[in-house]
Amino acid sequence: MREAIRLATESVSKGGGPFGAVIVKDGEIVAGASNSVTIDNDPTAHAEINAIRAACRKLGTFDLSGCSIYTSCEPCPMCLGAIYWAKLDRIFYGNNRKDAADISFADNFIYEELDKPMETRCVPITPLLRDEALHTFRHWVEKSDKIEY
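Everything in this summary refers to the structure shown in the same document. (Residues numbered from 1 in each chain as written. Predicted model: local features only at pLDDT ≥ 70, side-chain atom pairs only at ≥ 80, totals over all residues. Heavy atoms only, no water.)

1. What to know about the sheet that holds strand β2 (residues 28-34)
Rules: Only when DSSP finds a minimum of two bridges between them are two strands counted as paired. Helix and strand assignments follow DSSP, with helices taken as H or I runs no shorter than four residues and strands as E runs no shorter than two, numbered in order from the N terminus. Where helices are involved, their axes are fitted lines through C-alpha atoms of the stretch in contact, as for all axes, and angles between N-to-C directions lie from 0 to 180°. Throughout, a residue-residue contact means that at least one pair of heavy atoms, one from each residue, lies within 4.5 Å.
Pairing is mixed in the open sheet, where four strands are placed in the order β2-β1-β3-β4. Two strands lie at the open edges of the sheet, namely β2 and β4 (90-95), each paired on one side alone. Between one strand and the next, the sheet's axes are offset by a mean angle of 15 degrees, whatever the strand orientation. Relative to strand β3 (residues 67-73), strand β1 (residues 20-25) runs antiparallel, the two sharing five bridges. Paired with V22 across the two strands is Y70, which belongs to β3. The strands touched by helix α3 (residues 47-59) within the sheet are β1, β2 and β3, with β2 carrying the most contacts at an inclination of about 140 degrees.

2. Structural notes on the nonpolar core
The cut-off we apply is this: Side-chain atoms within 4.5 Å are what join buried Ala, Val, Leu, Ile, Met, Phe, Trp, Tyr and Cys residues into a set we call a nonpolar core. Only protein chains enter the accessibility calculation, which uses a 1.4 Å probe; a residue whose area is less than 20% of its type maximum is buried, one above 50% is exposed, and one in between is partly exposed.
Counting 23 residues, the largest nonpolar core has I23, I52, A55, L64, I69 and L88 as the members making the most contacts within it. Going through the elements one at a time, β1, β2, α3, β3 and α4 (77-85) are the ones with two or more residues in this core. Not counting residues up to four positions away in its chain, the partners in contact with I23 are E28, I29, V30, A31, A51, I52, A55, L64, C67, S68, I69 and L88.

3. Remarks on the pattern of salt bridges
Applied cut-off: By convention in these notes, a salt bridge is any Lys or Arg side-chain nitrogen within 4 Å of a carboxyl oxygen on Asp or Glu.
Across all of its chains, the model carries seven salt bridges by this definition. With a shortest N-O distance of 3.0 Å, E10 and R6 are connected by a salt bridge. Of this pair, E10 and R6 both sit in helix α1 (residues 2-14), four residues apart, which is roughly one turn of the helix. Owing to a relative accessible area of 31%, E10 belongs among the partly exposed residues under this scheme.

Note that all results are geometric; they support no functional claim without further evidence.
Structure follows, in structure tokens:
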């Protein structure tokens, strides 16, 4: 956790957001990263996402089972989703989401949006060309040499 906090502090000094994360396997740090949203002009470049990407590259896998993530702040909804997709075993965090909101990093609006019916969300969501899109799903189902994930 101290390394995640150190990365968060370093990130602020470099012009990034105040967030850091490390991924640990068998008691050893596999990867560490900080928030680089403003540095990379990438809204998905949160510390947890960056750490997951680095750990997957280093371990040569998209499945981080057997690993834990230590993050300087409670993960936002995007990062939490990525953590579940990466199959990390455990999450440890320092600051909580209220602490983040207190410095203008508020995620509650996303949680609230997810609870709303699609037709009442702030960003319109419109189904389009479903029948054509289903063709790709059928192709996936029929593919015999696919890698399941």
